[in-house]
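What follows is each chain in one-letter form.
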Amino acid sequence: MKFNAPRGTNDILPPDTLKWQYIEKKTHEIFSNYNYQEIRTPIFEYTELFQRGIGEVTDIVEKEMYTFADKGGRSITLRPEGTASVIRSFLENKIYGQAQPTKYYYIGPMFRYERPQSGRFRQFHQLGVEAIASNDPALDAEIISLGMRLLQDFGLDDLELHLNSVGCGECRPVYVEKLKKYLIKNKDQLCDNCQSRIDRNPLRVLDCKNESCQKVIKDAPKITDNLCDSCADHFDEVQEYLDILDLDYTINPLLVRGLDYYTNTAFEIKDNALGAQDTVFGGGRYNGLAEEIGNRDLPGIGFALGIERLLLSLEAKDIQLPVESGVDLYITVIGDKAKKESFKLLDKLRSKGFKTEIDYLGRGVGSQMKSADRMNAEYTIIIGEDELNNNSATIRNMKSGDEKEIQLSNLLEEMKKLVDKEEL
């Protein structure tokens, strides 16, 4: 091999692509039921969008973005997440002039330069939702329940919902100062990375998984004890709406997520079967993001779910998605004349929605039958000159071995019966 896929990327091949198609189809159905409409944004944006939106003192911006200069000398970044692009599009296209709230969802690739590991790639795929222009706590509960319902429809029900409020521009700075003082007092016990974060972005320390840092973090001041009245009321109402939906949750005061734009509600859904990388999806409110990007004060909330992480979770629970690969009918041909007539039948069957295949390598009958077996063909039929002359051929059920003589001129009608699982 002269070339391999770049590190941290992978090819998604059949039959695995059928799982991806199923996930995407189910996503379209469920999100549409909640009145979320699909949005498709570019996979690259001007770098400043992510610097301003995500926050310059975050691991994503500091270490993980794929950034380059285009031929015009402009700094371009492959999108590391979806929310900033959606808000940019909302503002640029003046969607705020339409009926609100605006409810979007997206599916697509994201890019982060980080060490590849289980469920984490440099090109990965996310599906997510964004609800813009409403601060209603009921919408927070809707967003969370929507993500949970999607996972439940895939068969995942043993999940943990972790919930927190990260405050607002009024109460969070007060909390951050308290946290800073505490961290400075315990600075010697923190890892080098966290020591450097104390002045730049102390909230990021709460994300650290280092064992010595964890000992410090567990006794740190809790943001839930430092919320202003407005944020505390909002958080209480979110919990009330989750209770109405009978959704269990754990209050986790250390949950701050990894992006600077979060305000108020923050949440993660965890699956313990995944080990260290146990978060299936997460999200929260970002009421200051539109103002940071476009000087327009608009609230918003959303979540993002990694498709690769979802597939790992399904695999860990041995959940099989209801997808099947294979063809309905493989036409085995003998001779050129039979192939030409069969080619006409092939086209007719395909036009009516039947998955149908034929040999293109000039193989003998035995090799064609082996090929039909490898393709997981449900039925096969052998057509040669004798079959054409008699207008009849034998169709065979490849699983049961049952056979039936049919008129070739009635092949379409017979297939309609057979694929509907009527008896041979």
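Residues numbered from 1 in each chain as written. Predicted model: local features only at pLDDT ≥ 70, side-chain atom pairs only at ≥ 80, totals over all residues. Heavy atoms only, no water.

(A) A look at the sheet that holds strand β4 (residues 75-78). Pairing is antiparallel across the open sheet formed by three strands, whose spatial order is β2-β4-β3. The two strands at the open ends of the sheet, each matched to only one other strand, are β2 (44-46) and β3 (67-69). Each neighbouring strand pair of the sheet contributes to a mean axis angle of 35°, computed without reference to strand direction. Of the strands in this sheet, β2, β3 and β4 are in contact with helix α2 (residues 47-54), which crosses β2 at around 80°. (Pairing = 2+ DSSP bridges. Helix = DSSP H or I, 4+ residues; strand = E, 2+ residues; numbered from the N terminus. Axes fitted to C-alpha atoms, helices over the stretch in contact; angles between N-to-C directions. Contact = heavy atoms within 4.5 Å.)

(B) Focus on the packing of aromatic side chains. The tally for this structure, following the rule as stated, stands at seven aromatic pairs. An angle of 75° between the planes, with centres 5.3 Å apart, marks the rings of F31 and Y105 as edge-to-face. Placement of the pair is F31 in helix α1 (residues 16-33) and Y105 in strand β5 (residues 102-111), with a sequence separation of 74 residues. Like Y105, F31 is buried. Aromatic rings pair up to connect F31, Y105, F267, F281 and F303 into one cluster. Sitting over the face of the ring of Y113, R122 holds its NZ or CZ atom 4.0 Å from the ring centroid. For the cation-ring pair, R296 lies above Y96, with the distance from its terminal atom to the ring centre recorded as 3.6 Å. (Phe/Tyr/Trp six-rings, centres within 6.5 Å; stacked < 30°, edge-to-face > 60°. Buried < 20%, exposed > 50% of the residue type's maximum accessible area, 1.4 Å probe, protein only. Lys NZ or Arg CZ within 6 Å of the ring centre and 35° of its normal.)

(C) Main features of the nonpolar core. F31, Y36, L151, F267 and F303 are the most contacted members of the largest nonpolar core, which has 90 residues in total. The element best represented in this core is helix α5 (residues 137-153), accounting for eight residues. Those residues in contact with Y36 that lie beyond four places of it in its chain are F31, K103, Y104, Y105, V129, E130, A131, L139, E142, I143 and L146. (Core = buried A, V, L, I, M, F, W, Y, C linked by side-chain atoms within 4.5 Å.)

(D) Main features of a nonpolar patch on the surface. A cluster of nonpolar residues, Y241, I244 and L245, forms a patch on the protein surface that exposes about 280 Å² of accessible area. Note on L245: relative accessible area 42%, which makes it partly exposed. (Patch = residues over 30% accessible without salt bridge, like charges linked within 9 Å, V, L, I, M, F, W, Y side chains within 5 Å. Areas by Shrake-Rupley, 256 points an atom, 1.4 Å probe, with all protein chains shown as cover. Salt bridge = Lys/Arg side-chain N within 4 Å of Asp/Glu carboxyl O.)

(E) Layout of the pattern of salt bridges. Throughout the structure, instances matching the rule amount to 20 salt bridges. For the salt bridge of E45 with R88, the shortest nitrogen-to-oxygen distance reads 2.8 Å. Highlighted residues: E45 in strand β2 and R88 in helix α4 (residues 83-92), separated in sequence by 43 residues. Since its relative accessible area comes to 17%, R88 is described here as buried. Across the pair R363 and D359 runs a salt bridge, and its minimum N-O distance is 2.8 Å. For D359, a relative accessible area of 3% gives the class buried. Salt bridges here are not isolated pairs; linked through shared partners, they connect E45, R88 and E92.

(F) Representation of the UniProt feature "binding site: L-histidine" (unreviewed entry) in the chain within the structure. Taken from the UniProt record, the annotation "binding site: L-histidine" (unreviewed entry) applies to E81, G82, T83, R112, Q126, E130, R257, Y261 and Y262. Mapped onto the secondary structure, T83 falls in helix α4. Taking the relative accessible area as the measure of exposure, T83 reaches 8% and is therefore buried. T83 has contacts with Y106, E130, Y261, Y286 and L289, leaving out every residue within four places of it along the chain. Tracing the backbone shows Y261 in the loop between β8 (250-251) and β9 (263-270). On the basis of relative accessible area, Y261 is assigned to the buried category, the value being 6%. Not counting residues up to four positions away in its chain, the partners in contact with Y261 are G53, I54, E81, T83, R285, Y286, N287 and L289. (UniProt positions renumbered as here; feature names shortened; annotations may be inferred.)

(G) The sheet that holds strand β10 (residues 279-285), seen in detail. Reading across from one edge, β1-β5-β6-β11-β10-β9-β7-β8 is the order of the eight strands in this open sheet, with mixed pairing throughout. Either end of the sheet is taken by a strand with one partner, and the two such strands are β1 (37-38) and β8. Note: β5 against strand β6 (residues 123-132), ten bridges, orientation antiparallel. Bridge assignment links F111 to a residue of β6, and that residue is Q123.

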